[in-house]
Amino acid sequence: MRFSIQEDPRTPKDVYNWRVYLSAIVAGCGALLFGYDSAFIGSLLSLPSFRRQFGLDTLSTKEYADTSANIVSIFQAGCFFGVIFAYPWGERFGRRSVIAGAAVLFVVGSIIQLVSRSLAPFYLSRVLNGLAVGGITIAEIAPPAIRGQLIGFYEVAYQVAALLGFWHMSPKGDSQWMVPVSIQLIPGGLLFIGTFFIPESPRQLAKRGNYPKALTSLSWLRNLPQDHSYVNEELFQIRQQIEHETMGLAGQKSGARRLFVAQVKELGKKGIYNRLIVGSLLMLYQNATGINASSTIFKSIGVTGTNAGLFATGIYGVVKLVSSLIFLLFLIDRVGRRLPLLIGGTASCLCLYYIGAYIKIANPQPVAGATPDSAGISAIAMLYIFVIFYCASINGIAWIYNGELFPTNIRGLCAVVTTCFQWIGQFAITRATPYMFESFKSYGPFLFFGSCTLVGTTWVYFFIKETKGVSLEDMDKLWGYDRSATNGGREVNDGERKEVREDEEAKSMSMSSSSDAWEKEQEERVEGSKMEA
């Protein structure tokens, strides 16, 4: 069994090497922070020792719903602002510094959480941990043939950490809640250490005008010498693309402020705003399936007791992990993005409707020590089937799709917008879920999430384009963006458009010459190998 890589026959084998995977894994370790935190917090709220320490055991049902919603959702609020703050920092100092800073902030938040004995500092720690989550480096270091796999490492890391969060140790006393809290220090420390072993993104270095370091970084990632024609061709394409985009945005080389204003204006242009809308809605759709309401879902089906609930949720985490591993590591770059979204969305919708219908008809009542009947067991099985199809579709594809959707010059700004919609969606669902199961009839949330999934799948059919194997520089053509039609944020006349297109043709011929030289070099190597044989 191996990774399924659809290789470009013109690409040297050395490009698909351990270095690019290592960089992706380290950057994807940022998901360890998010994955573990999002999983263990639900289990933490169910532990008697935690409830006793923070006074949750004395609250009424409504007060507990308010407090638990606050504890969970304040993390997503921190994530929202963390994305906004990380963007200018990353543009100024680079993506790697953002990852290192996030790791330090997460460790600080985890320490505060560990020493907290009241809700106020615990809330603060949750905000700090939320601020720490972010990063968009992976898509920029990945060859197109394995870009989906490398971005998929982020989702796999998330699922591994979530699994650990579901299955943490549960000793007695205060250690029951302090052990899982302290475990957060491990991924934060690993992420910080890992930043010393990866280079800055070549595209980010080139965007800041540091082409010598960009060449060094690209050469290291591709495992090829700096004078290799493949490395020089790729860097040439990156440079031409960035310079052309920058000139197209601001009309001339200009300061950071003017360029930022031009970037904001660029978001409103045809071929850009439609991508931004699609990416943002995809993030909202990911959360509208109700995937983050697992602990409440099992209780509504009839699974009762702290141990039984944690066990069922733990199995749920195992299924998510295995499904994500199989899809993201072996299928994503073979089957693409659009087809899994359609199949997974349809199946997920049917599963949610089935569970809702079961609860409506059977009306299972939580009884301590009771075992679900055959219909209840089938409903639980349907929930696991739901998560399999979810993980094989919208779960990872939402991040992959947004990671490869936008031009280099505005990718960071677009990532801020789409990721903010991700956290808005999570915040809304985590805040609303306790109230939905308290106020609605228990089958209502399943019908709601199923209907949201149905609407999302229908939307995918009409608006999602396939991006498998499409280079980041060719994405404009797929979405109908004519870069030659604008200059410095204004419409150009026919004469100016002709000049721009002639310039593009000249650049294309130059890149073609570089490509021909590389092909000739490869042919000479093959002939030399034959002669030696």
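Let us look at the structure shown here.

## Points about the overall build of the chain
Part 1: Within the chain, the regular secondary structure consists of 25 helices and two strands.
Part 2: Taking all 533 residues of the chain together, the buried fraction comes to 53%.
Part 3: Across the chain, the fraction of contacts at a sequence separation of at least 24, relative to all contacts at a separation of at least 6, is 81%.

## Considering a nonpolar patch on the surface
Part 1: Judged by side-chain polarity, Val104, Val108, Phe192, Ile193, Phe196 and Phe197 come together as a nonpolar surface patch covering roughly 580 Å² of accessible area.
Part 2: For Phe196, the location among the structural elements is in the loop between helix 10 (185-194) and helix 11 (202-207).

## Focus: the side chain of Ser49
Part 1: By the secondary structure assignment, Ser49 is in helix 3 (residues 48-53).
Part 2: The exposure class assigned to Ser49 is buried, which follows from its relative accessible area of 1%.
Part 3: In contact with Ser49, not counting residues within four places along its chain, are Gly173, Gln176 and Trp177.

## Concerning the packing of aromatic side chains
Part 1: In total, this model carries 14 aromatic pairs according to the counting rule given.
Part 2: Arranged with centres 5.1 Å apart and planes meeting at 85°, the rings of Phe80 and Phe81 form a pair that is edge-to-face.
Part 3: Exposure remark for Phe80: the relative accessible area of 23% places this residue in the partly exposed category.
Part 4: Owing to a relative accessible area of 43%, Phe81 belongs among the partly exposed residues under this scheme.
Part 5: Ring centres of Trp399 and Trp423 lie 6.5 Å apart, and the angle between their planes is 55°; on these two criteria the pair is classed as tilted.

## Topic: the nonpolar core
Part 1: Among the nonpolar cores identified, the biggest contains 91 residues, and Leu44, Phe50, Leu282, Phe386, Tyr401 and Ile464 are the most heavily contacted of them.
Part 2: Counting residues in hydrophobic clusters, the runner-up holds 13 residues, among them Leu215, Val231, Leu235 and Ile238.

## A short note on helix 15 (residues 273-287)
Part 1: For helix 15, which comprises 15 residues, the first-to-last C-alpha distance of 22 Å matches the rise-based estimate of 21 Å (1.5 Å per residue) to within 8%.
Part 2: Within helix 15, the full set of buried residues consists of Arg275, Leu276, Val278, Gly279, Ser280, Leu282, Met283, Tyr285, Gln286 and Asn287.
Part 3: Buried positions along helix 15 lie against helix 19 (338-362), helix 20 (374-391), helix 21 (394-403), helix 22 (408-439), helix 23 (444-463) and helix 24 (475-478).

## With respect to the environment of Arg275
Part 1: Of note, Arg275 is situated in helix 15.
Part 2: By relative accessible area, Arg275 is classed as buried at 0%.
Part 3: Among all residues touching Arg275, those that are not within four sequence positions of it are Leu405, Phe406, Pro407, Met475, Asp476, Trp479 and Tyr481.
Part 4: Among the polar contacts made by the side chain of Arg275, one reaches the main-chain carbonyl oxygen of Gly271 at a distance of 2.5 Å.

## Quick look at the pattern of salt bridges
Part 1: Under the criterion given, the structure shown has seven salt bridges.
Part 2: Close ionic contact of Asp37 with Arg126 constitutes a salt bridge, the shortest N to O distance being 2.3 Å. Here Asp37, found in helix 2 (residues 30-46), pairs with Arg126, found in helix 6 (residues 119-132); they are 89 residues apart in sequence, far enough to count as distant. The same class applies to Asp37 and to Arg126, which are both buried.

## Things to note about helix 4 (residues 61-93)
Part 1: For helix 4, which comprises 33 residues, the first-to-last C-alpha distance of 47 Å matches the rise-based estimate of 48 Å (1.5 Å per residue) to within 8%.
Part 2: The sharpest bend along helix 4 reaches about 30° and sits at Ser73.
Part 3: The first or second residue beyond helix 4 is Gly94, which carries a positive phi of 105°.

## Side note on the packing of helix 15 against helix 23
Part 1: Between helix 15 and helix 23, whose axes approach to 10 Å, the crossing angle comes to 155°. Considered as vectors, helix 15 and helix 23 are oriented roughly antiparallel to each other. The chirality of how helix 15 crosses helix 23 is left-handed. Contacts between helix 15 and helix 23 involve Val278, Leu281, Leu282 and Tyr285 on the former and, on the latter, Cys452, Thr453, Gly456, Thr457, Trp459, Val460 and Phe463.

## Regarding the packing of helix 2 against helix 9 (residues 175-182)
Part 1: Relative orientation of the contacting elements helix 2 and helix 9 amounts to 175°, with a least axis distance of 10 Å. If you check the angle between helix 2 and helix 9, you find them roughly antiparallel. Contacts from Tyr36, Phe40 and Leu44 in helix 2 reach Trp177, Pro180 and Val181 in helix 9.

Rules used throughout
- Residue indices begin from 1 for each chain and proceed along its sequence in written order.
- With the structure being a predicted model, the display of local features is reserved for residues of pLDDT at least 70 and the display and counting of side-chain atom pairs for 80 or more, all residues being used for whole-chain, interface and lining totals.
- No hydrogens and no water enter the side-chain calculation; it runs on all heavy atoms of the structure.
- Strands are runs of DSSP state E lasting at least two residues, helices are runs of H or I lasting at least four, and both sets are numbered from the N terminus onward.
- Any residue under 20% of the maximum accessible area for its type is buried, any over 50% is exposed, and the rest in between are partly exposed; the area is computed with a 1.4 Å probe on protein chains only.
- Throughout, a residue-residue contact means that at least one pair of heavy atoms, one from each residue, lies within 4.5 Å.
- What goes into a patch is any residue over 30% in relative accessible area without a salt bridge, connected to like charges within 9 Å or, for nonpolar side chains (Val, Leu, Ile, Met, Phe, Trp, Tyr), within 5 Å.
- Calculation of accessible area relied on Shrake-Rupley with a 1.4 Å probe; when residues are assessed, cover is drawn exclusively from the protein chains displayed.
- We define a salt bridge as a side-chain nitrogen of Lys or Arg found within 4 Å of a carboxyl oxygen belonging to Asp or Glu.
- In summary, the pairing rule links any two rings of Phe, Tyr or Trp, Trp by its six-membered ring, whose centres are within 6.5 Å, and it sorts them by plane angle into stacked for under 30 degrees, edge-to-face for over 60 and tilted for everything else.
- Only buried Ala, Val, Leu, Ile, Met, Phe, Trp, Tyr and Cys residues count toward a nonpolar core, and they belong to the same one when joined by side-chain atoms within 4.5 Å.
- Multiplying 1.5 Å by the residue count of a helix minus one yields the expected span of that helix.
- Polar contacts, as counted here, are pairs of nitrogen or oxygen atoms within 3.5 Å of one another; within protein the pair requires one atom able to donate a hydrogen and one able to accept it, and residues that are adjacent in sequence qualify only if both atoms are side-chain atoms.
- What is called the bend at a residue is the angle between a pair of axes, fitted to the seven residues leading up to and ending at it and to the seven starting from it.
- Working convention: axes come from line fits to C-alpha atoms, limited for helices to the stretch in contact. Angles between N-to-C directions cover 0 to 180 degrees.
- Geometric relationships in this document are graded by angle, where less than 35 degrees denotes roughly parallel, more than 145 denotes roughly antiparallel, 65 to 115 denotes roughly perpendicular, and other angles denote oblique.
- Each helix crossing is assigned a hand: it is left-handed if the near helix lies turned anticlockwise from the far helix by less than a right angle, otherwise right-handed if that turn is clockwise.

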